[in-house]
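# Overview (structure and organization)
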Amino acid sequence: MDREQKKGKFDWLPTQMPGVARLIKEARTTHGDAWVNECWKRGVIDREPGWFYAGEGALMVGTLWDDPLIIAFASAQYTKSQHLLVLRPKGVA
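Throughout what follows, the structure given in this document is the object of discussion. No experiment lies behind these values; they were computed from the predicted model shown.

All right, on to the pattern of salt bridges then. Within this structure, the stated rule accounts for 4 salt bridges. D33 serves as the salt-bridge partner of R28, at 3.4 Å between the closest nitrogen and oxygen. The closest approach of N and O atoms between R42 and E38, which form a salt bridge, is 3.2 Å. Linking R42 with E38, this pair stays in helix 4 (residues 33-45), spanning 4 residues, or about one helical turn. Overall, R42 belongs to the partly exposed group, its relative accessible area being 23%.

This is the structure we're talking about:
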């Protein structure tokens, strides 16, 4: 599966997770497209822990960190109006 096919698998995200989509847009403004794309690729596509995790309502995308506190926080059930985006801090390898 090439990158475009993988990207197309997540076309549903803006309509189903609008709060997360807004947070991703804000992160792109703050941290730059390249960093958010790297976090997305590593955490969602490659499923590496500690790069990208998002949740809204009952939907989640990405891979959690290997940290009990983050797992507990991110595992909370969100209402439809609550959303969470966690990216690896820029510059942290």
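Moving on: the sheet that holds strand 2 (residues 59-62). An order of 2-1-3 is seen for the 3 strands of this open sheet, with the pairing classed as antiparallel. Two strands in the sheet have a free side with no partner beyond their single neighbour: strand 2 and strand 3 (83-87). Mean inter-strand twist for the sheet, computed between neighbouring axes without regard to direction, equals 5°. Here 4 bridges tie strand 1 (residues 52-56) to strand 2, and the two strands are oriented antiparallel to one another. Counted as the bridge partner of Y53 is G62 from strand 2. Across the sheet, helix 3 (residues 18-31) touches strand 1 and strand 3, and the angle it forms with strand 3 is around 35°.

Before going further, it helps to examine the environment of D46. Note that D46 resides in the loop between helix 4 and strand 1. Sequence separation between D46 and G62 is 16 residues, and the spatial gap between their C-alpha atoms is 9.2 Å.

Before going further, it helps to examine helix 4. Taken together, the buried positions of helix 4 are occupied by W35, V36, C39, G43 and V44. Buried residues of helix 4, viewed axially, fall in a sector of 125°; they line one side. As for helix 4, its buried residues are in contact with helix 3, strand 1, strand 2 and strand 3. Positive phi appears at R47, one or two residues downstream of helix 4, with a value of about 60°.

Conventions adopted
Residues numbered from 1 in each chain as written. Predicted model: local features only at pLDDT ≥ 70, side-chain atom pairs only at ≥ 80, totals over all residues. Heavy atoms only, no water. Salt bridge = Lys/Arg side-chain N within 4 Å of Asp/Glu carboxyl O. Helix = DSSP H or I, 4+ residues; strand = E, 2+ residues; numbered from the N terminus. Buried < 20%, exposed > 50% of the residue type's maximum accessible area, 1.4 Å probe, protein only. Pairing = 2+ DSSP bridges. Axes fitted to C-alpha atoms, helices over the stretch in contact; angles between N-to-C directions. Contact = heavy atoms within 4.5 Å. Arc of directions from axis to C-beta.

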